[in-house]
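Letter by letter, the chains look like this.
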Amino acid sequence: MNVKALPITRQGVIPLLIMIQAVVLFPLWFHIPFWISAVTIALLLGKYGMYRQGVKAPRWILLIVVLLCVGGVFWQFKTLNGRDAGIGLIVLMYAFKLLEARSYRDASLILFISFFIVVTAFFYSEAIWMGVYLLLSVLCILLGLVALNSPKGMQGIGSLGKISGVTLLQALPIMILLFFFFPRSSAPLWSMPTDTQAGSGIDDTMSPGSIGALHTFDDIAFRVDFEDKVPPRSEMYWRGLVLSEFDGFTWFKEKHSPIRQELELPMTPTYQYRIQMEPNNRNWIFGLENLAEAPKGAYLFSDFTWNRRRQTTQRFIYSAQAYDIDFSQRPLTEFQQSRYLQLPDDSNEDTREWAEEQRSNHQSDEAFIRWILSYIHQGEFYYTLSPPVIEIDSIDGFWFDSQQGYCEHYAGAFVYIMRSAGIPARVVTGYQGAEYNPYGDYYIIRQSDAHAWTEVWLDDEGWRRIDPTAAIHPSRVEEDLRSDASSRDGWMEEFGSDVGFEAPEGLMRNLALRWDAIQSFWSETVMGYSQDMQFNWLRKLGIERHQYRYLGYGLLATILLAGLIFGYLVLRSTQRLEPVTKYYLLLLKKLRDHGIDCDRTMGPRDVLQLTRATSQKVYARAAPALKTYISMRYQHETLSPEAIKQFKQQVSRV
């Protein structure tokens, strides 16, 4: 029977196509503009209504609506190119195609297009649940293909579902091999540019309250997997930006350029690690101090920070090393001296005069620094997320009046005091600390770990990290911040302020860590499977050169293997005997065992007559089975499982 000639209005096909389109479009409805989602839902409902009423939409009306929708997409995105505009347009056309579908060709085209549209959901979410959902969507599409090629449409949906599931399972090994061997581009597959600029994380400016606002965000900034040694948590300062320009209220990132010459680095890095960074729509990336060799796709700048050429709009995985760099061999130039001593002329004059006076009472810069930290430790300085707002002369207001603030208050004031005393200094922003995940053996850095600290330039030593918040006495640290403050660098330990707070433990937290470990494995191994990872496992196999050639060999071998498996299954299915024929051949064998000289070349009526003529005893037992077989072979209705079972029992009695 030629199923292609059958109408698609037969039982259940149109509702099934509508259901498949709804399943495919469901994850996209939450990300595309509301009006596009509403139009596609209306088109699906309209198609179902026309199917029930047996009417068709006039083509001229469809053409007008299509043109209006194309105009709407252009009005929405100001273009028809790009990720969001392209997906919006293809989603609308996908729904319109079903509205005008009338033949087998139209329906099969919709189903095959569904395979491509379903993966566009990965542009918006790479979560593991999305992968599971899309796999189920593929199963629905296969069910649609099986039903479309069935003369009875959706009748016997259980059997159709079984065929679809078996087909998917048979395809899985080929899918896995293609996943490994199909050549990848250097950029992630899902890294098409996005139109949105929103994101969360460390910004390239710092004002009072800007970093404290991140403390309430528990979102993951990045995960870190150390290869060998792991630094203590108090040394986990994740450097991101250097802010050196100050206008009296806000600190800004300096204009800098990449370092062109190679650095003289120690032979062995202090730490080696791998970072899985979440998208944040920023150019800067983070690393453990001290930053030296930039990861692939990033540049090392003159202030020893890393920047990418493009924003991190998708998960970015990179490897890095930390070195113990001797900055004393890299003296500051006059320009750098001037930059790191820069202060605005018309603000915070009280702090400046105070710093100059106090510096004159100490013999060295280092002695002055230690005295300032001791001043913070012994004074009435409080570490809080809710300091009073100071709009004018923020440094003076904080240092002499409120003495309450978060890390940006202390870092900004400390650098201001150092510069006032003639000591080059700068603000560094990034993250501090990490949470260990024992189920994945990696560390989690969250937005709530955002932090600001400082660096001062000391002759014969170079840049030294100073974290003034570590000098605050623990009794004046807000309770919610004690766990963070207790993990900071050695200055805190010197003041005997390691208060030993531990992260809360519990069932929900353990479950969250287990789930994060699974999500991390999925993101890095499956969604993050890149060209570098392909080449890495080829190198482990001893293939150092011409990797693309060997990937091509693997791809070709996969295609040949798929062809062989498919051919074997087709050949096996053609050679497989239907149950009735199998039982009839068994009946002939039994008759021959009883002395009846029959074979497959004889017709069943001839076999019946021969048996009656040869042995009445055998005829009495074989006649019911032979008559049943004759009846089954000459009837034009589909054999029921009960009839086949009855025939089998009759054969067994011979």
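Residues numbered from 1 in each chain as written. Predicted model: local features only at pLDDT ≥ 70, side-chain atom pairs only at ≥ 80, totals over all residues. Heavy atoms only, no water.

Per an unreviewed UniProt entry, the chain is named Transglutaminase domain protein, and its organism is Kangiella geojedonensis.

So what's going on with the overall build of the chain? Residues and values would help.
Within the chain one finds 21 helices and 17 strands. Relative to its 654 residues, the chain shows a buried fraction of 48%. Considering only contacts within the chain whose residues lie at least 6 apart along the sequence, 72% involve residues at least 24 apart. Of the roughly 33,800 Å² of accessible surface on the chain, 57% is carried by carbon and sulfur atoms. (Helix = DSSP H or I, 4+ residues; strand = E, 2+ residues; numbered from the N terminus. Buried < 20%, exposed > 50% of the residue type's maximum accessible area, 1.4 Å probe, protein only. Contact = heavy atoms within 4.5 Å. Areas by Shrake-Rupley, 256 points an atom, 1.4 Å probe, with all protein chains shown as cover.)

How would you summarise the packing of aromatic side chains if you had to cite specific residues and measurements?
Enumeration according to the criterion identifies 38 aromatic pairs in this entry. Ring centres of Phe 226 and Tyr 271 lie 6.5 Å apart, and the angle between their planes is 75°; this geometry places the pair in the edge-to-face category. Here the residue Phe 226 occupies a position in strand β2 (residues 220–226), and Tyr 271 occupies one in strand β5 (residues 271–277), the gap between them amounting to 45 residues. No difference in accessibility class separates Phe 226 from Tyr 271, as the two residues are buried. A ring pair is formed by Tyr 383 and Tyr 406, whose centres lie 5.2 Å apart and whose planes are at 5°; its orientation type is stacked. One end of the pair, Tyr 383, is in strand β11 (residues 382–383); the other, Tyr 406, is in the loop between β12 (404–405) and α12 (407–420), with 23 residues separating them in the sequence. (Phe/Tyr/Trp six-rings, centres within 6.5 Å; stacked < 30°, edge-to-face > 60°.)

Let's hear about the pairing of β2: which residues, and what values?
The two faces of the sheet receive side chains in turn, since in a regular strand these alternate between them. Judged by how many residues are buried, β2 sits mostly within the fold: six of seven residues are covered. Pairing analysis gives four bridges linking β2 to strand β15 (residues 442–446), with the strands arranged antiparallel. Residue pairing for β15: Arg 223 is matched across the bridge by Ile 444. With five bridges connecting them, β2 and β5 associate as antiparallel partners. Within β5, the residue paired with Phe 226 across the bridge is Tyr 273. (Pairing = 2+ DSSP bridges.)

Lay out the sheet that holds strand β6 (residues 284–285) in plain terms, naming residues and giving numbers.
Taking strand neighbours across the sheet as the criterion, the three strands line up as β6-β9-β8 in an open arrangement whose pairing is antiparallel. In this open sheet, the two edge strands, each paired with only one partner strand, are β6 and β8 (298–300). Relative to strand β9 (residues 306–308), β6 is paired through two bridges, and the arrangement is antiparallel. By the bridge assignment for β9, Trp 284 is matched with Asn 307.

Can you tell me about the confidence of the model for the chain, naming the residues and giving the values?
Mean pLDDT over the chain stands at 82; residues scoring 70 or higher make up 89%. Confidence over residues 193–198 falls short of pLDDT 50; this stretch has 11 contacts with residues more than four positions distant or in other chains. Taken as a whole, residues 491–504 scores under 50 in pLDDT and shows 27 contacts with residues more than four places along the chain or in a different chain. (pLDDT = per-residue confidence, 0-100.)

Residue-level account of empty space enclosed by the protein, with values.
Per the stated rule, a full pass over the model turns up three cavities of 30 Å³ or more. Of the volumes computed, that of the largest cavity is approximately 100 Å³. Forming the boundary of the largest cavity are 13 residues, of which Pro 208, Ser 394, Ile 395, Glu 408 and His 409 lie nearest the centre. Element by element, the count of residues in the lining of the largest cavity is highest for α12, at four residues. Looking at the lining of the largest cavity, its residues break down into eight nonpolar, four polar and one charged. (1 Å grid on protein atoms, 1.4 Å probe; cavity = no way out; pocket = protein on both sides within 12 Å on 5 of 7 lines; lining within 4 Å. Points joined across faces, edges and corners; volume = space filled by probe spheres on them. Nonpolar A, V, L, I, M, F, W, Y, C, P; charged D, E, K, R; others polar.)

Explain the side chain of Asp 396 residue by residue, including any values.
Relative to the helices and strands, Asp 396 resides in helix α11 (residues 394–402). Although Asp 396 is buried, it makes no salt bridge; Arg 352 carries the closest opposite charge, 8.4 Å away. The residues contacting Asp 396, other than those within four sequence positions of it, are Asn 348, Glu 349, Asp 350, Thr 351 and Asp 401. (Lys, Arg positive; Asp, Glu negative; His and termini not counted. Salt bridge = Lys/Arg side-chain N within 4 Å of Asp/Glu carboxyl O.)

An account of the packing of helix α3 (residues 59–77) against helix α4 (residues 83–99) is needed here, citing residue identities and associated values.
Where α3 contacts α4, the two axes come as close as 10 Å, and the packing angle between them is 165°. The angle between the axes of α3 and α4 places the two elements in the roughly antiparallel class. Note on packing geometry: the crossing formed by α3 with α4 is right-handed. The segment α3 lies against α4, with Leu 62, Val 65, Val 66, Cys 69, Val 70, Val 73 and Phe 77 engaging Asp 84, Ala 85, Gly 88, Leu 89, Leu 92, Met 93, Phe 96 and Leu 99. Here the residues of the contact of α3 with α4 sort into 13 nonpolar, one polar and one charged. (Axes fitted to C-alpha atoms, helices over the stretch in contact; angles between N-to-C directions. Parallel < 35°, antiparallel > 145°, perpendicular 65-115°, else oblique. Left-handed = near helix turned anticlockwise from the far one by under 90°.)

Would you mind going over the packing of helix α6 (residues 128–148) against helix α7 (residues 157–181) in detail, with residue names and values included?
Running from N to C, α6 and α7 cross one another at 125°; their axes reach a closest spacing of 9 Å. Judged on the interaxial angle alone, α7 and α6 are oblique. Of the two possible hands of crossing, α6 and α7 adopt the one that is right-handed. On the side of α6, the interface is formed by Leu 135, Val 138, Leu 139, Leu 142, Leu 143, Val 146 and Ala 147, while α7 contributes Leu 160, Gly 161, Ile 163, Ser 164, Gly 165 and Leu 168. For the contact of α6 with α7, the residue count by class is 10 nonpolar, three polar and no charged.

Describe in detail the environment of Val 146, supporting the description with residues and values.
Along the chain, Val 146 turns up in helix α6. As a C-alpha pair, Val 146 and Ile 163 span 17 residues in sequence and 7.6 Å in three-dimensional space. In this structure, Val 146 is in contact with Leu 160, Ile 163 and Ser 164, ignoring residues within four places of it in sequence.

Requested: an account of unusual backbone geometry, with residues and values cited.
In this structure, Asn 281 takes a positive phi of about 55° despite not being glycine. Positive phi, close to 55°, is recorded for Gln 403, a residue that is not glycine. Tracing the sequence through the fold places Gln 403 in the loop between α11 and β12.

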